[in-house]
Amino acid sequence: MGGYSRFSELRFSRRSFLKASAAATAGVLLGGYVTRDSSARLFEPVNAQEAESGTKLIKTICIFCAVGCGVKARVENGVLTGLEPWDENPINGGRMCCKGASIPSSVVNDRRLKSPMIKEGGKWRKVSWDGALTAIAKKMKDIREKYGPDAVFFAGSAHVTNEAAYLQRKFMAFWGSNNIDHQARICHSTTVAGLGNTWGYGAQTNNFNDMRHARCILFLSNPAEAHPVSFRHIYAAKRRGAILITADPRYSRTAAQSDLWLPMRSGTDIPLILGMANWILTNNWHDEEFINQRTNGFKYVKKVVEQYPPETAAEITGVSAEKIKEAARLMAQNQPSTIQYAMGATQHEVGTNNIRSFAILQLLLGNAGQVGGGVNAFRGHDNVQGATDLAVLANTLPSYYGLSDGAWKHWSKVWGVDYNWMVSRFASKDFMNKKGFTMSRWRDGVLAELELGQPSPIKMAFLWGHSTPSQAGMAIVKKAYETLEMLVIVDPYVENAAALADKEDGIVLLPASTTWESDGTVTASPRQVQWRNKVLDPLYDSKPDVIILLELAEKLAEVDDPGWKDFGKNYSKIPEDIYDKEIRVGARAIGMRQSTWRLKRQQEYDFAFDTETLRATGGPVHGEYWGLPWPCWNDEHPGTPILYRNDVPVADGGHDFRARWGTEAPDGTSLLSAIGGHPELNPDGTPGPGWKLDLTTEYRRLIAANKVPYGRGRARFWAWNLPDPVPVHREPLWTPRPDLAGKYPAYEDKVYGVHFRVKTKARSIQEAFINTRLYEKYPLIWTSGRQVEHQGGGSMTRSNPILSELQPEMYVEIHPRDAHDRGIRDGDMVWVSSPRGTEYGLTIAKAYVKARVTRGIRQGTVFMPFHWGGVFQGESYVRRYPKDTAPLVVGESANIIAPPGWDATTQMQTTKSGMCEVSKERPAE
Amino acid sequence: MVTMKFLPDMYVNRCIACKGCEAACKTQNKTPENIRRIRVVTFNKGEPNETNIPMPCLHCTDPPCLHVCPVNVIYKREDGVVLLNKEGCIGCGYCLFACPFGAPQFEQLGAFGTKGKMDKCTFCVEPYEQRDNQGKLIKREPKPRCSLFCAAETLLAGDVKAISEKMRQRQGSTIFRSGGAAKTFLTF
Ligand code: SF4
Ligand code: SF4
Ligand code: SF4
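Throughout what follows, the structure given in this document is the object of discussion. (Residues numbered from 1 in each chain as written. Chains lettered and ligands numbered in written order. Predicted model: local features only at pLDDT ≥ 70, side-chain atom pairs only at ≥ 80, totals over all residues. Heavy atoms only, no water.)

1. Description of the overall build of chain B
Which entries qualify depends on this criterion: Here a helix means four or more residues in a row that DSSP labels H or I, a strand means two or more in a row labelled E, and each is numbered from the N terminus. Residue exposure (1.4 Å probe, protein chains only): buried if accessible area is under 20% of the type maximum, exposed if over 50%, otherwise partly exposed. Contacts between residues were defined by any pair of non-hydrogen atoms, one from each residue, lying within 4.5 Å. In this description, accessible areas are obtained by the Shrake-Rupley approach with a 1.4 Å probe, and a residue is regarded as covered only by the protein chains that are shown.
Of regular secondary structure, chain B possesses five helices and eight strands. The buried share of chain B, taken over its 188 residues, is 54%. For chain B, long-range pairs separated by at least 24 residues make up 51% of all intrachain contacts whose partners lie at least 6 apart in sequence. Within the structure as shown, chain B displays about 8,500 Å² of accessible surface, and the carbon and sulfur contribution to it stands at 57%.

Take a look at the structure:
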């Protein structure tokens with residue numbers, strides 16, 4: 001390979017190296033190393049060891065976050081013994097953070113659940129797989145007969161493969177309920193709604209590698225800690241002179257590497273961005289040509305933006321007007337510039353609007369659909385993009401088809417089942433089209449103390465690869481677990497719920513394999529699909545998720561309905577058939593049409609891909625983009641690494657804003673691009689929705705004519721279908737600024753009504769908070785976030801001896817001024833409390849944690865990492881875990897403190913802007 | 001002649017404290033709890049000049065640890081890697097006195113956590129238990145996993161010449177891209 005040329009004469013072959021080392025005494029060794037000057041790597045990858053007998057290096061993908069880092073697992077005689085860098089993976093070039101670099105200890109670990117278990121009479125009892133699955137199937141049948149299919153809730157997962165995520169959704173379709181949801185609801189659902197409503201698709205527009213080309217990056221999250229390997233590309237941009245700006249109430253590790261820090265108050269993203277937009281318009285830095293040709297509704301945005309001059313924005317956000325103007329100037333004068341964000345922006349009542357505001361800023365600057373530009377939504381779990389695309393969600397079927405009759409007919413056709421049978425599975429046809437309970441409110445469906453949108457409360461729930469600590473209002477979740485008739489937890493480790501619930505009976509645990517114990521595909525944040533090779537056979541009597549789903553369906557065919565026999569009928573080769581025969585055939589609305597053989601071929605020819613562009617040169621993969629990011633229309637299409645580029649042909653990964661709202665806006669203006677605009681098309685080129693309904697077309701005719709199947713439309717500044725067609729500021733429900741809540745109030749309760757399936761409120765909660773002057777009793781702003789060492793609810797990472805050694809602690813970060821005023825010193829144990837839960841007659845929410853006094857946070861704000869569990873309001877519940885399965889390190893769950901707020905569009909929970917008090921004494925009830 | 005060294009890039013590719021290096025070391029070398037052959041230290045946490053630096057053993061050219069060892073079990077290979085012969089180590093801890101960087105580690109053994117034998121970075125050339133289960137001597141190439149996995153490409157490791165070359169390239173490219181203005185060198 002070319003990269004080694006200059007020093008290749010120094011290279012020893014593996015054989016001569018072995019000879020040399022065998023001859024070497026302890027003191028002398030000649031190295032077989034070379035330098036490689038085209039990358040930062042100073043050694044060639046350690047492939048040589050593969051030659052040793054019985055050792056295999058298996059290319060696979062990290063199981064933790066959505067950066068999608070590749071790695072080679074070293075397997076010696078069937079035992080996973082270590083890792084070697086997968087140097088040619090163009091996303092990470094072999095690099096990994098501590099979670100990735102310690103995967104062997106997460107996979108092979110004595111604390112894993114070693115057999116199915118059932119809790120009865122307060123005791124954990126081992127059961128056989130057959131016994132456990134039969135018990136579950138029978139209980140499901142029983143629930144259906146007594147309460148109807150909607151009495152079951154299914155929490156699926158973003159930590160499973162695409163195939164398993166897809167089967168989870170299909171499972172609940174066959175069961176006959178839309179009560180299925182997963183992490184994406186409480187992670188990036190507002191991205192899907194915010195970006196989707198602006199330009200058609202709700203995903204990261206560009207990719208990690210593309211950030212190398214940005215000349216200015218505005219961070220609204222903390223990727224140095226949450227997505228560490230992305231920094232490989234961010235630093236490449238920086239080396240080329242890119243300016244980094246971080247907006248965060250914390251002086252995060254990302255802020256520490258940035259040129260400018262905007263210490264904003266939590267929950268004020270919109271005024272910050274609108275203040276920047278105002279300064280951009282004032283100085284005429286906006287891209288008029290782009291706005292005229294490719295967007296719709298500029299005049300509405302202009303009117304709103306005029307109300308947020310930098311001084312007003314400064315008053316709301318707490319960031320000085322000078323800094324806001326400087327940030328605007330840097331973004332405008334260093335183009336292409338990009339915006340990066342994650343949970344800090346999505347997890348608010350106004351999450352959808354937050355994300356819309358980012359898209360709007362990029363549209364104003366003409367940064368959308370550009371190399372080095374776009375909106376880089378960094379997703380969390382390894383496969384959360386895939387699980388979202390494949391709709392482990394209460395509001396849609398796979399590939400964002402929604403829940404309309406048309407959507408059900410489309411998928412029934414793909415599944416090869418009769419649509420009428422499908423209808424018969426549901427309580428009634430209404431419930432088929434009605435959104436289900438979500439991850440953020442399903443507990444209300446169990447407790448049934450509020451008005452519900454279905455006749456029966458939830459009586460049985462699955463937690464299939466979903467954690468408890470990530471859910472807001474933990475005390476209420478706990479009560480819900482205890483109220484259920486049966487709770488089924490499917491996870492490689494014993495998830496918190498099993499022990500948190502103080503419950504004598506009705507908990508079933510199934511040991512799922514980790515995703516290194518089966519083959520499958522996984523979609524990284526930038527829509528790149530990678531093939532994740534199986535590294536090991538399933539350990540400890542565990543089974544891969546796909547297999548458990550198929551076996552449970554077989555059981556249900558016996559006890560529930562013979563129609564379940566069709567559930568797995570299309571698959572003889574797993575997982576390839578699931579992807580190629582169903583996902584690839586049906587997921588047309590996003591063009592998720594990569595074939596698995598192409599993904600495997602990419603892995604083989606990884607070296608042909610360029611880090612800068614992700615495109616392959618030469619070989620059978622010539623012209624393809626890494627991961628064939630969707631839309632990838634057919635087997636010749638290279639994938640679309642950057643969304644909405646209209647300057648390259650469709651055949652080369654170009655396309656346009658999606659013409660999703662017809663051809664004309666309600667005010668009569670055009671929704672079709674001024675550059676070759678056209679509506680969505682049938683495969684034969686006539687206007688119509690055939691592109692997403694035809695199950696056989698390969699789009700060749702459209703692509704040859706450089707037409708985009710879903711049309712060439714305009715991005716919408718003005719989203720008339722949303723509660724706020726243009727984002728405006730709304731104070732958080734629990735606000736430290738009651739003076740601002742009058743001018744910028746929360747949504748009225750009626751905006752929600754019965755939202756998804758439960759009565760939801762906003763304005764009245766805000767008013768109650770202000771009227772009872774709770775902002776005086778709970779004066780500190782509360783926010784939460786990530787620790788680099790842990791992931792999600794932490795049941796895996798906190799059981800990993802390496803990661804729990806690196807980060808053994810739960811804590812609260814507090815500014816010295818706030819701490820010292822309360823007599824708190826660094827390292828003291830303190831109580832963090834909030835009024836959450838009192839609405840259910842529970843005591844106030846509290847958490848007993850260590851104080852970490854630091855200037856790295858805005859005065860008046862405290863921060864807690866959310867990965868922890870095992871302690872509830874000062875009391876350990878480790879004793880309730882089955883023997884030897886509790887994590888190595890435990891702590892309080894931060895999200896118990898979160899306020900009762902939900903996004904008006906997606907029901908995202910509010911876990912980034914609450915209020916609390918911190919005290920040394922246990923707060924009085 | 002080659003000389004093995006570590007160098008953390010303190011200019012653009014600054015450490016983000018992701019601890020990939022620490023975890024990679026533990027995964028590769030299976031070191032027990034409390035043994036931290038490499039450790040990321042942070043200065044000025046939360047202040048405008050917050051800085052992280054990964055600190056392994058620096059494989060000194062003239063290693064103080066080697067000079068003070070009373071039983072002479074610390075030795076230096078021709079390629080510069082400083083190692084020790086664990087069997088002969090008496091666990092006195094004198095090397096820790098001498099080392100300017102806190103690199104020597106001691107496993108906590110026994111009920112009172114008394115000192116075990118010294119343990120330190122080996123540049124990944126060998127596990128200290130130098131024989132495999134067939135009694136063969138285990139030797140590996142000097143490819144430190146901390147550096148190979150480093151997320152931010154901060155930690156460079158290898159022959160000093162190669163490191164120097166790499167840093168020249170990095171800084172050269174910075175100067176080249178910014179048209180000669182050294183603005184992006186130090187951001188604070
Ligand atoms: S957790 Fe994310 S950044 Fe870390 S190694 Fe895995 S994919 Fe890469
Ligand atoms: S242990 Fe300390 S003194 Fe000895 S070589 Fe390493 S850094 Fe130098
Ligand atoms: S892997 Fe690199 S960036 Fe991460 S902590 Fe270690 S030196 Fe720092």
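Now that the structure has been shown, we can carry on.
2. As for the packing of helix α6 (residues 189-199) of chain A against helix α16 (residues 351-364) of chain A
All names here are of chain A. To keep things clear, this is the line we draw: Structural elements are reduced to axes, namely lines fitted to C-alpha atoms, with helices fitted over the stretch in contact, and the angle between N-to-C directions of any two is expressed from 0 to 180 degrees. Should an angle fall under 35 degrees it is called roughly parallel, over 145 degrees roughly antiparallel, and 65 to 115 degrees roughly perpendicular, with every other angle called oblique. Working rule for handedness: look at the near helix, and if it is turned counterclockwise from the far one by less than a right angle, call the crossing left-handed; if clockwise, right-handed.
At a minimum axis distance of 8 Å, the contact between α6 and α16 shows a crossing angle of 40 degrees. In terms of orientation, α6 and α16 fall into the oblique class. Of the two possible hands of crossing, α6 and α16 adopt the one that is right-handed. Here α6 contributes T190, T191, A193, G194, L195, N197, T198 and W199 to the contact with α16, which in turn contributes G351, T352, I355, R356, A359 and L363.

3. Points about the site of ligand 1
Inclusion rule: We call a residue near a molecule or strand whenever a single non-hydrogen atom of that residue lies within 4 Å of it. Here the nonpolar group is Ala, Val, Leu, Ile, Met, Phe, Trp, Tyr, Cys and Pro; Asp, Glu, Lys and Arg are the charged ones; every other residue, Gly included, is treated as polar.
For ligand 1, the full set of nearby residues is C62, F64, C65, V67, G68, C69, M96, C97, K99, G100, P228 and V229 of chain A. Residues of the shell around ligand 1, tallied by class, amount to nine nonpolar, two polar and one charged.

4. Notes on unusual backbone geometry
All names here are of chain A. Cis geometry is adopted by the peptide bond preceding P336, which originates at Q335 and carries an omega value of 0 degrees. Note on placement: P336 falls in the loop between α14 (321-333) and β12 (337-341). In this structure, P575 follows I574 across a cis peptide bond, with omega equal to 5 degrees. Relative to the helices and strands, P575 is located in the loop between α24 (545-559) and α25 (576-586). The phi angle at Y644 is positive, at roughly 70 degrees, despite the residue not being glycine. Secondary-structure assignment places Y644 in the loop between α26 (596-604) and α27 (690-693).

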